[in-house]
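Breakdown of the fold
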Amino acid sequence: MAGKIVKLPDSVANQIAAGEVVERPVAVVKELVENSLDAGARSIEIQFEQGGKALVRVLDDGVGMSPEDAAMALQRHATSKIRQVEDILRIGSFGFRGEALPSIASVSRFVLRTRQREASEGTELKVDGGREPVLNACGMSPGTEVIVSHLFHNVPARRKFMKTDRTEAAHILQMCRLLAVAHPEVAFSLIEDGHEVFRTPACPDRLQRVREIFGRRRVEDLLPLEFENDGLQVSGLVGRPGVGRSTRAEMITFVNKRPVDSRLLNYALIESYHRYLPRGRYPMAFLFVDVPDGEVDVNVHPTKREVRFRAEPRIRSAVMSGLTEFLASQSRQSLRQAEPVEPVEKPATPEPPRPSVVPQQPRQPASRTDKFPKALTESFPKAELPSPPARPSPDVWRYCGIFQGRLGLFESPDGLIVVNPVAARERILFEQMSASLKQESIPSQPMLIPPMLELAPLEATLLGDQVDFFASIGFTIEPFGRHLFRIRSIPAWLEAEQAEPFVEELVNRIRERGLRPDDKQPALILVARLAAIRAARGFSPKEQSGWEALVKELLQCENPLLDARGRPTFVEQRNSEINRKLMLQPGRADSDSLDGGA
Ligand code: ADP
Ligand code: MG
């Protein structure tokens, strides 16, 4: 009797593989574009119809294939890219499985046209649903064209898994955008249902490419980044400190130029921005991480969207420490930058050119070098920035007035700023207290007539237990019999007459929240909050000098963007945004004149 085990015909094996390699139209697009990139294309045209279900066509001007290679390319596991298993570990090209073309051809009507530069004519291969290829000569310019139509026409089960045209199209658009951003040196065009979605020439750097593809506004909030850390190359564009999004959708990561989903990189980004974004906001990034090929395993999944690093902890800490340092220097710098570049009143004698301590923000990339503009961190020393030249107060933001009866309105050279005074005060106090907690030298003031404080039994026990904590933030409090305490000294920031109510309220809050005495951080946040709220009560909104002093102190903080709880201390409406909304031309005073209009 014949055995039960038979070898699957290639056509069946291909269809099965197709289920993995090309689960949906976007995977076809990705495989074809990666082949074009591997073939050294300088220009790639992508076209698709009906979410890619009806048609995907990719045309490149790469090296092309000989007729023999073209026929081979449709054989399962035929690849020109690796020869042995070890090669997988140092794979420099995108493809290597030799699975894509035969898989795609087995589930579609497939046409491959290809011509090597030196050949006089091209080769055309037609495959219908995995049947034997038909080979013909054809006329064409050098390069390769692949046309995939009627995807899954012979596999109804898979057809059902495709989503609506719009959904599939959205995936294709995003994939093409990311591939284009990863390869600024290659010209790309994308055509959906006969309409051009984008067309971008070769770009000198990624910033320009992102602007071409995602638009000017996306670039406005991004800063170029580049560093090397522990053998790891990190570059790309990341959001300015303080600028976040409500979803993770704009957190885009690449490893060795492949768009990837990497929990590790997402985590590193979110953690690094932790201090610079309010809770619930996510960073924006086009983050490119390049590691030696042996350090990353792209073989985890056939569609290769997930990657696995060999040395995860090392990579995580290298990315995080570099990013954190970058963000710290950026946040200091952007606030310094908020100062008028020119003195408000021009001095009689022109000032000698200022040493370029604070370079102009590279919002518009001035340089057209073929690389990224150098990271800002490199243009000045890592230590604290030298302080800006002294100028009459207010030297940073100009106070304009009160908004909503309680917010401060300021003007900076970059735009309009609305300050929340309570959040600002909270940040200032929080940093002062944290600093004095570290130095153990708390600026404190003795009470002339030490007030007595009587507490309910529970609160009294709690305060008795926490005398040390109170001491660490500047309160000297002595037990004075049953449920009684004497307040001997208080922190410098507290008004004398506030001493009793403040301590009482703080004890109550600590009890309500069940904070433990050694739980310093949350307790400090609480103290800062209470103090800020109290300070705000006495804050006269009409007092210009008070506002100016507040902002000045705020901007000297280590992290002025958020209060201790993670709420923003101010929001900024940038001039570019305002001008855009008002349809004004930037910097043109006469934009309202008749000849300025359309
Ligand atoms: P892989 O990319 O994993 O090698 P594919 O099935 O995607 O496998 O492609 C098979 C082979 O066909 C490739 O190794 C390459 O030699 C050739 N090939 C595919 N697409 C192109 C192209 N656009 N230009 C030149 N050669 C190509
Ligand atoms: Mg391939």
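Throughout what follows, the structure given in this document is the object of discussion. None of the values given here were measured: they were computed from a predicted structure.

Definitions and limits used
- Residues numbered from 1 in each chain as written.
- Chains lettered and ligands numbered in written order.
- Predicted model: local features only at pLDDT ≥ 70, side-chain atom pairs only at ≥ 80, totals over all residues.
- Heavy atoms only, no water.
- Helix = DSSP H or I, 4+ residues; strand = E, 2+ residues; numbered from the N terminus.
- Buried < 20%, exposed > 50% of the residue type's maximum accessible area, 1.4 Å probe, protein only.
- Areas by Shrake-Rupley, 256 points an atom, 1.4 Å probe, with all protein chains shown as cover.
- Pairing = 2+ DSSP bridges.
- Axes fitted to C-alpha atoms, helices over the stretch in contact; angles between N-to-C directions.
- Contact = heavy atoms within 4.5 Å.
- Expected span 1.5 Å × (residues − 1).
- Polar contact = N/O pair within 3.5 Å; in protein donor to acceptor, adjacent residues only side chain to side chain.
- Parallel < 35°, antiparallel > 145°, perpendicular 65-115°, else oblique.
- Nonpolar A, V, L, I, M, F, W, Y, C, P; charged D, E, K, R; others polar.

All right, on to the overall build of the protein then. Tallying secondary structure elements over the protein gives 17 helices and 23 strands in all. Out of the 598 residues belonging to the protein, those deemed buried represent 48%. For the protein, the exposed surface amounts to about 30,100 Å²; the carbon and sulfur share of it is 52%.

The mixed open sheet is built from five strands, whose spatial order is β9-β10-β13-β11-β12. Two strands bound the open sheet, and with one partner strand each, they are β9 (222–229) and β12 (258–260). Direction aside, the axes of adjacent strands within the sheet are offset by 20 degrees on average. As judged from the three bridges shared by strand β11 (residues 251–255) and β12, these two strands associate in the antiparallel manner. Following the sheet pairing, T253 is matched in β12 by V260. Along the sheet, helix α6 (residues 165–182) makes contact with β11, β12 and β13 (285–290), crossing β11 at roughly 55 degrees. Against the sheet, helix α9 (residues 263–273) touches β10 (232–239), β11 and β13, its axis set at about 130 degrees to β11.

Further remarks concern helix α11 (residues 421–439). End to end, α11 covers 27 Å across 19 residues, agreeing with the expected 27 Å (1.5 Å per residue, within 8%). Taking the backbone nitrogen of V422 as reference, a side-chain oxygen 3.1 Å away marks N420 as the first, capping residue of α11.

Within the element layout of this structure, D60 appears in strand β2 (residues 55–60). A distance of 2.8 Å separates a polar side-chain atom of D60 from the backbone nitrogen of G62. The residues touching D60, leaving out its near neighbours within four places in the chain, are S36, A41, S43, I44, P142, G143 and T144.

Here the focus is the pairing of strand β8 (residues 195–200). Alignment of strand β7 (residues 187–192) against β8, held across five bridges, turns out to be antiparallel. When the bridges of β8 are listed, E192 appears paired with H195. Connecting the antiparallel pair β7 and β8 is a turn made up of two residues, with D193 showing a positive phi of about 45 degrees.

For any two helices packed against each other, the geometry comes down to the angle between their axes and how far apart the axes lie. Closest axis-to-axis distance for the helix α12 (residues 457–465)/helix α14 (residues 499–513) pair is 10 Å, and the angle between their directions is 95 degrees. What the angle tells us is that α12 and α14 run roughly perpendicular. Here L458, E459, L462 and L463 of α12 lie close against α14, whose contacting residues are V503, V507, N508, I510 and R511. Tallied by class, the residues present in the contact of α12 with α14 amount to six nonpolar, one polar and two charged.

Worth remembering: the numbers are spatial, not functional.
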